[in-house]
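Close look at the chain arrangement
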Amino acid sequence: MKKKFYVTTPIYYINAEPHIGSAYTTIIADIVARYKRFRGYDVFFLTGTDEHGQKILTAAQQAGKSPQEFCDELAEKFKKLWQDLEITNDYFIRTTDETHMKVVQKFVKKMKENGDVYKGKYEGWYCVPCESFWTEDELGENKTCPSCGREVRWVSEENYFFKLSKYNQKLLELFEKNSDFVEPDFRRNEMLRILEKGLKDVSITRTSFKWGVPMPDDPEHVIYVWIDALINYVSAIGYTWDEEKFNYYWPADLHLIGKEINRFHSLIWPAMLMSVGLPLPKKIYAHGWLTFNGQKISKSLGNAIDPRVLVEKYGLDAIRYYLLREINFGKDGDFSEDSLIGRINADLANDLGNLLHRTTAMIIQNFDSKIPKPLKKEPVDSQLIFGSLETVQKFFENMDNLKFTQALENLWQFIGFSNKYIDLTEPWKLSKNGDKDRLATVLYNLAEALRIIATLLKPVMPRTSKEIYSRLGIADEWDKVSDEALKEWGMLKSGLTVKHGEPLFPRIDPRKFEKVTVSSKKEVKEVAEELNIITIDDFARVDLRIAKVLEAEKVEKSEKLLKLKIDLGDLGERQIVAGIAKYYKPEELIGKLIVVVANLKPAKLMGIESQGMLLAAKDGEKLSILTIENQLKPGAKIS
Ligand code: ME8
């Protein structure tokens, strides 16, 4: 009987399009899913979208769309992206799916029937971007959200509450008994500290808007978006609607998440499951956060790049390899194009690409393209053979423990040794001296090493793995190949015809290569100084947008500055500070459609953050801000 493996990603908010940060978790989950399938598991890999709540509602309103229409469009974009990235999810759940919404109601009803839900008054702080409640003492400096640093708002509502505090002790026991329930261990320890301080009950409904799942028997309330979202993990696999499927796949083997949503998954979710009497997931892994070229990934900084742009530039497998190899899984890391180029040149073009190229070229040259029979062994061969077996074992062990970086290090050590084996055996000399039997053995061994390497790469770099199979003349085995193909050395058949082809990974010359982003200020300056002209692409980097002024006020103790709150449509609301107080009264500006640079790095003026810049023209003492004649929608792009 096959063993099952159920792996999930967070379901993503669809207020904005995904970027390399959100693609990160999905790519990791895809690698885990492909790896487990390869190891013979019956895998269910789930991803999807989180579509209810205030944040999505506001985004829909700003886009001038109904929330459902807005979600339908965005959900398609997510699905399409995962298709383009060749993600092998088995299902895509949307929280607006009717089946899911019914399950949410049944789940919450059950929590209520079990005495864990009561009505009370909620008063406290709420962060809309994080959809999180915070108590006064949890807030950051200047009353900001401790998770994202943004402004929080005061909420005072009659809500239903979940008796989370009741599960405090049980959760403590769970954490003590299962030391690997939450990983990495420093994330587990953070959760333990919260448990030791004591959990408070949590509000699980809202009444100030309607975009959510109605509370059973009290539809004035909608269920809090996080409760709705967490239930996706059971609703997607049949909870209450396909018991057989549900009992087969549940509990989840692995919930992959980012560190900022650990508390929801490691504390609230297990308590909810305890409340309804369901088994708990086996593992929650809260990984770190990616920055992009050293900066936080955010729409307002303009670096929330569509992952497809990176894939088109560098190739899907290079991106998958890089994310696993360079970002030590679990820790925060930087996605830097410079180090990506470095990895492509060194690890992929040099180490792997050359090994393949040299091996196939020598077989083509010396054996009429046919993989020869190994006829004359020497002691050095056993180093290669032993190395391959050891690599397989270490690679599996590290992959099983989600130590991707280390697994790839093991594999590249073996690739390194295979290249060294060429230097040690000097096949060109064997060819010159006519030692055909020894040459045949060396080349067979290299081809077999490549088969093993390509097989291990199947879950991580599927395209490359398939291409190497094809070059070795075994393309038709690839789809079905599993870990059975790694049982022993020597499974590659002699006599197969190898193929020559383009380099697997062409080298990138960083001096001539145009990156997706210019990574440092110095480079921008250098380019500008050297050329003093800009290209259309340079111009396109400035994101000019129409914005509507919502509020305007003078900045205290400043004669020059006005603080404006502006609506940027899809990009949300922002605050900007402009030196126009001498020329405009605040009230004259309200309702005006102005032009702003939307991707300017935020700066502080008189201690106030300005998240963009408005455009104005100056002529001596006169100043005029740029406005728009026709009523265009806020957020419209100027090009
Ligand atoms: O939190 N680096 O959705 P979300 C690494 N809907 N991972 C990143 C990242 C970055 N810079 N940016 C995003 C939600 N992620 C809820 C989840 S689940 C029941 C509900 C990844 O759209 C990471 O996995 O804000 C993070 O946890 C997730 O996207 C947040 O996605």
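Notes on the structure in this doc start here.

The next subject is empty space enclosed by the protein. Following the criterion strictly, the structure yields two cavities of 30 Å³ or more and no others. Looking at the largest cavity, its volume works out to about 50 Å³. Lining the largest cavity are Gly53, Gln54, Tyr126, Glu131, Arg206, Phe209, Trp211, Gly212, Val222, Ile223, Tyr224 and Val225. In the lining of the largest cavity, the residues fall into seven nonpolar, three polar and two charged. Each pocket or cavity is described by its volume, and for the second largest cavity that value is around 40 Å³. As for the second largest cavity, its lining consists of Glu17, Pro18, Lys77, Leu81, Asp306 and Arg308. Its residues assigned to classes, the lining of the second largest cavity shows two nonpolar, no polar and four charged.

A contiguous nonpolar surface patch, about 340 Å² in accessible area, is contributed by Ile534, Ile536 and Phe539. Residue classification places Ile536 among the exposed positions, given a relative accessible area of 68%.

Bridge count between strand β9 (residues 205–206) and strand β11 (residues 218–223): two bridges; the pairing is antiparallel. Opposite Thr205, over in β11, you have Ile223 as the bridge partner. Two elements, strand β10 (residues 214–215) and β11, share two bridges in a ladder whose sense is antiparallel. Across the sheet, Pro214 pairs through a bridge with Val222, a residue of β11.

For the rest of this paragraph, the subject is the site of the ligand. As a structural note, the neighbourhood of the ligand is formed by 25 residues, with Ile11, Thr25, Asp50, Glu260 and Leu290 the closest of them. Separating an oxygen atom of the ligand from a backbone N or O atom of Tyr13 is a distance of 2.9 Å. For the ligand, the accessible surface in isolation is 670 Å², of which the surrounding protein chains cover 92%. Per-class residue counts for the shell around the ligand are 14 nonpolar, nine polar and two charged.

Membership of the largest hydrophobic core comes to 182 residues, with the highest contact counts inside it found for Phe107 and Trp250. If you tally residues by element for this core, the top one is helix α17 (residues 436–456), at 13 residues. Once residues lying within four places of it in the same chain are set aside, the contact partners of Trp250 are Lys4, Tyr6, Tyr233, Val234, Ile237, His255, Trp269, Leu273, Leu278, Pro279 and Pro281.

Below, the discussion takes up the environment of Leu430. The topology assignment puts Leu430 in helix α16 (residues 427–433). Given the relative accessible area of 13%, Leu430 is considered buried. For the pair Leu430 and Ala440, spaced ten residues apart in sequence, the C-alpha to C-alpha distance is 9.5 Å. Setting aside residues no more than four positions away along its own chain, Leu430 makes contact with Thr425, Asp435, Arg438, Leu439 and Val442.

Attention now goes to the sheet that holds strand β3 (residues 91–94). Pairing between the strands of a sheet comes from backbone hydrogen bonds, and it takes one of two forms, parallel or antiparallel. Taken in spatial order, the six strands of this open sheet run β3-β2-β1-β12-β13-β7, and their pairing is parallel. Of all the strands in the sheet, the pair left with one neighbour each is β3 and β7 (182–183). Two elements, strand β1 (residues 4–13) and strand β12 (residues 254–258), share two bridges in a ladder whose sense is parallel. Its bridge partner being in β12, Val7 is matched across the sheet by Leu254. Strands β1, β2 (42–50) and β3 of the sheet are contacted by helix α3 (residues 67–84), whose axis makes an angle of about 160° with β3.

Inspection of the entire model under this criterion finds 34 aromatic pairs. With a centroid separation of 5.7 Å and 70° between ring planes, the pair formed by Tyr6 and Phe44 is classed as edge-to-face. A residue pair is termed long-range when its members are at least 10 positions apart, and Tyr6 in strand β1 and Phe44 in strand β2 qualify at 38 residues. Assessed through its relative accessible area of 0%, Tyr6 is described here as buried. For Phe44, a relative accessible area of 7% corresponds to the buried category. Aromatic ring contacts, followed pair by pair, group Tyr6, Phe44, Phe107, Tyr233, Tyr239, Phe246, Tyr248, Tyr249, Trp250 and Trp269 into a single cluster. We note Lys36 situated over the ring of Tyr41; from NZ or CZ to the ring centre the distance is 4.6 Å. The ring of Phe513 carries the charged tip of Lys313 above its face, separated from the ring centre by 5.2 Å.

Here we come to the sheet that holds strand β15 (residues 295–296). The sheet built from three strands is open, its strands ordered β15-β14-β16 with mixed pairing. Each having just a single partner strand, β15 and β16 (333–335) make up the two edges of the open sheet.

On to the pairing of β12, then. In terms of burial, β12 is largely enclosed, as five of its five residues are buried. Side chains Leu254, Leu256 and Gly258 of β12 all project onto a buried face; the interleaved residues His255 and Ile257 project onto the opposite face, where all are buried too. Across four bridges, β12 lies against strand β13 (residues 284–287) in parallel orientation. Bridged to Gly258 within β13 is His287. Taking the sense of rotation as the criterion, the β-α-β connection linking β12, helix α10 (residues 262–276) and β13 turns out right-handed.

Moving on, we get to the packing of helix α4 (residues 98–113) against α10. The interhelical angle for the contact between α4 and α10, taken along N-to-C directions, is 70°, at an axis separation of 8 Å. Between α4 and α10, the angle falls in the class roughly perpendicular. The two elements α4 and α10 meet at a crossing, and its hand is left-handed. Judged by residue contacts, Phe107, Lys110 and Met111 of α4 engage Trp269, Met272, Leu273, Ser275 and Val276 from α10. Grouping the constituent residues of the contact of α4 with α10 by class yields six nonpolar, one polar and one charged.

Conventions adopted
- Residues numbered from 1 in each chain as written.
- Predicted model: local features only at pLDDT ≥ 70, side-chain atom pairs only at ≥ 80, totals over all residues.
- Heavy atoms only, no water.
- 1 Å grid on protein atoms, 1.4 Å probe; cavity = no way out; pocket = protein on both sides within 12 Å on 5 of 7 lines; lining within 4 Å.
- Points joined across faces, edges and corners; volume = space filled by probe spheres on them.
- Nonpolar A, V, L, I, M, F, W, Y, C, P; charged D, E, K, R; others polar.
- Patch = residues over 30% accessible without salt bridge, like charges linked within 9 Å, V, L, I, M, F, W, Y side chains within 5 Å.
- Areas by Shrake-Rupley, 256 points an atom, 1.4 Å probe, with all protein chains shown as cover.
- Salt bridge = Lys/Arg side-chain N within 4 Å of Asp/Glu carboxyl O.
- Buried < 20%, exposed > 50% of the residue type's maximum accessible area, 1.4 Å probe, protein only.
- Pairing = 2+ DSSP bridges.
- Helix = DSSP H or I, 4+ residues; strand = E, 2+ residues; numbered from the N terminus.
- Near = heavy atom within 4 Å.
- Polar contact = N/O pair within 3.5 Å; in protein donor to acceptor, adjacent residues only side chain to side chain.
- Core = buried A, V, L, I, M, F, W, Y, C linked by side-chain atoms within 4.5 Å.
- Contact = heavy atoms within 4.5 Å.
- Axes fitted to C-alpha atoms, helices over the stretch in contact; angles between N-to-C directions.
- Phe/Tyr/Trp six-rings, centres within 6.5 Å; stacked < 30°, edge-to-face > 60°.
- Lys NZ or Arg CZ within 6 Å of the ring centre and 35° of its normal.
- Right-handed = clockwise from strand over helix to strand, strands pointing away.
- Parallel < 35°, antiparallel > 145°, perpendicular 65-115°, else oblique.
- Left-handed = near helix turned anticlockwise from the far one by under 90°.

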